[in-house]
Structure formats: C-alpha cells, structure tokens
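# Chains, contacts and geometry: an overview
Here's the letter readout for the chains.
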Amino acid sequence: MPIDPAKAVAAEPRSAEISWDHKDVQLYHLGLGAGIPATDPDELRYTLESRLHVLPSFATVAGAGMGVVGGLSAPGIDIDLAAVLHGGQTVTLHRPVPVSGRAVSTSRVAAVYDKGKAAVLVLRSEASDADGPLWTSDAQIFVRGEGGWGGDRGPSERLALPERAPDATVERPIREEQALLYRLSGDWNPLHADPEFAKLAGFDRPILHGLCSYGMTLKAVVDTVLGGDVARVRSYRTRFAGIVFPGETLRIRMWAGDGRVQVAVTAVERDDASVLADTLVEHS
C-alpha cells in the first residue's frame, strides 16, 4: 500500500526556517481581493505598510506552505499527486501574526484516516519564533483510491447551520486574474493558471485556489462581524465543499454569537453551489 499509516505518523517531524515581511503580507492580501476601494481606510489596513495588520489565514502561505509540502513527502507516503484533494483547513492562532518575522515551522503527519474509498492525511504545521508559538495549521488531504485497509475512519463532524436568517450576508466578486495573483504567494499548481492543464484535470478552465476562498471568507468575517480587528480571531476552520472559478461571485452568509461565527459560502452564478461548508471562526 502506498500509504503506511504507522510509519507516516511515527516519522520524525521536519523543521525549516521561514521568514516573511510586509511585502509578503501585502501580496497575500491583494491576492484575496483587498484594496477595493484603494483609498478606503479599512482596506489600507491590508495594503499600506504603515497601517498593516495580518489576516490570520496568512499562516497557510507563510514560508510557502511548508507543512503541506513536507507532509506529502514524509516517510510512509508514496502517492500520485493527481489523486490528492485539499479537503479541509484549520488554523489556530496562539497570538497575532506579526507583519514581519522569522520562525521555525515544524511539520508532521498528525493522523491518517481510512474513509473506505480514500485516505485522509492530517498534515500539521506548527510555527514558533523567539517569543514562543505563533500558530498551528492543519490541512486535511484526501487521497482518492488509498483507503480500505480497515483503519480508523476518523471524525466526520458536520456543523449544522442555525435555523434562522443569517446575521450578515456579503458578496465578494472574484476578479478574472485573481488566481494568477494569489499563486504568487506560493501555490504554483498549474491547475489555477493553465487552461490545458485544467482540462486534463477535468475542468473547462482554471479554478480558484481553495485557500484563496478560505482567506477571502475570513477577511469578510473580520470586516463585517469583528470590527476589522484581526487580533480577535482565535481559530478558523472549513471544509472545501466545491470549486469556484475566477469571474464568479462568492456569497458569504454569517451567523454570529457566543464567541463564534458560523459561515456558509456559495457560488452565486451557479445557483449557490456550495464552496465552503462546516466553516467556523472562533474569536474573543
């Protein structure tokens, strides 16, 4: 079997030094669609170095995503990358992410689950600097065709939405070139840029990065419910339920209460097809 769960989980963690500065943060924010209107004071917090704060989802690209890269090449894992899907993402903040920094990122396979027709790898990346832990990032990776060995199925929690109207609904357009800009933060998969490659993968045109939708959604929650204060975010998780194409519009519905915001994200132009599900922002 290409995946040896015991060997993968028991493997020594891999560590690497990562660093970032205000340019990396600004580029990431611009890749999420920040800066419209360009002179809006609320948008300048994402684009102007003298006022800059860091959206916590930046943790998924700081150091170009070392946790996912390291995890897929860990001992006990030998898989076809064409069978890999990003199934979900969680980021837990231990304190606000600084505008510039240097840290050690340690990545490992935290768990391997048997879903029958697929395996799920939980790739965990933990970043710490001289002052202590910064964030923990868990990527849930589906590997099609690699399940069925009789292992633990793992959690399958679904987050039911409140049975009432959302407290806020916003729509966020995805620019035609947005995937081209977002990929400069480190995800160079041609699926998001090359029409021919996208066709080989079964799509009629390139799709937007799931983690771009993830970041756009958190920005909408911060700006709409949390008063624009990124430091209030404690954790953020989602399940990637569907794709979205550049040029489409995200509809982001939010239900707030008791230190948490539940979110549902859909693609407006495709009859509100689900994009992000089981999405929760926990905050102070």
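Everything here concerns the structure above.
Overview of the structure. (Residues numbered from 1 in each chain as written. Predicted model: local features only at pLDDT ≥ 70, side-chain atom pairs only at ≥ 80, totals over all residues. Heavy atoms only, no water.)

### Considerations on the overall build of the protein
As a reminder of what qualifies: Numbering goes from the N terminus for both helices and strands, where a helix is a DSSP run of H or I of at least four residues and a strand is a run of E of at least two. Only C-alpha atoms enter the radius of gyration; for comparison, a globular chain is expected to reach 2.2 Å times N to the power 0.38, where N is the number of residues. In this scheme, a residue with accessible area under 20% of its type's maximum is buried, one over 50% is exposed, and one in between is partly exposed, where area comes from a 1.4 Å probe on protein chains only. In this description, contact between two residues means that some pair of their heavy atoms is separated by no more than 4.5 Å. Computed with the Shrake-Rupley method and a 1.4 Å probe, the accessible areas treat only the protein chains shown as cover for residues. Working convention for charge: Lys and Arg count positive, Asp and Glu count negative, and His plus the chain ends are omitted. In this description, the location of a charge corresponds to atom NZ of lysine, CZ of arginine, CG of aspartate or CD of glutamate.
For the protein, the count of helices and strands is 7 helices and 10 strands. The C-alpha radius of gyration of the protein comes to 18 Å, within 12% of the 19 Å expected for a compact globule of 284 residues. Out of the 284 residues in the protein, the part that is buried amounts to 46%. Taking all contacts inside the protein whose residues are at least 6 apart in sequence as the whole, residues at least 24 apart take part in 72%. A total of about 13000 Å² of accessible surface is found on the protein, and carbon and sulfur atoms cover 53% of it. Across the protein, the mean location of the 29 positive side-chain charges is 2 Å away from that of the 37 negative side-chain charges.

### Some points on the nonpolar core
So the rule is basically this: The set of buried Ala, Val, Leu, Ile, Met, Phe, Trp, Tyr and Cys residues whose side-chain atoms join them within 4.5 Å is what this entry labels a nonpolar core.
Ranked by size, the top nonpolar core spans 51 residues in total, and within it W20, F58, W135, V222, L250, I252 and M254 carry the most contacts. With 8 residues, helix 7 (residues 210-224) is the largest single contributor of residues to this core. In terms of nonpolar packing, the next biggest core, distinct from the first, is built from 13 residues, A74, V109, I141 and V143 among them.

### A look at the side chain of T279
Quick reminder of the rule: By the criterion applied in these results, polar contacts are pairs of N or O atoms within 3.5 Å in which, for protein atoms, one can donate a hydrogen and the other can accept it, and in which residues neighboring in sequence qualify only through two side-chain atoms.
Of note, T279 is situated in strand 10 (residues 273-283). Look at T279 and you get buried, because its relative accessible area is 1%. Among the polar contacts made by the side chain of T279, one reaches the side chain of T238 at a distance of 2.6 Å. The contact partners of T279, leaving out residues within four places of it in the chain, are L159, Y236, R237, T238, V261, Q262 and V263.

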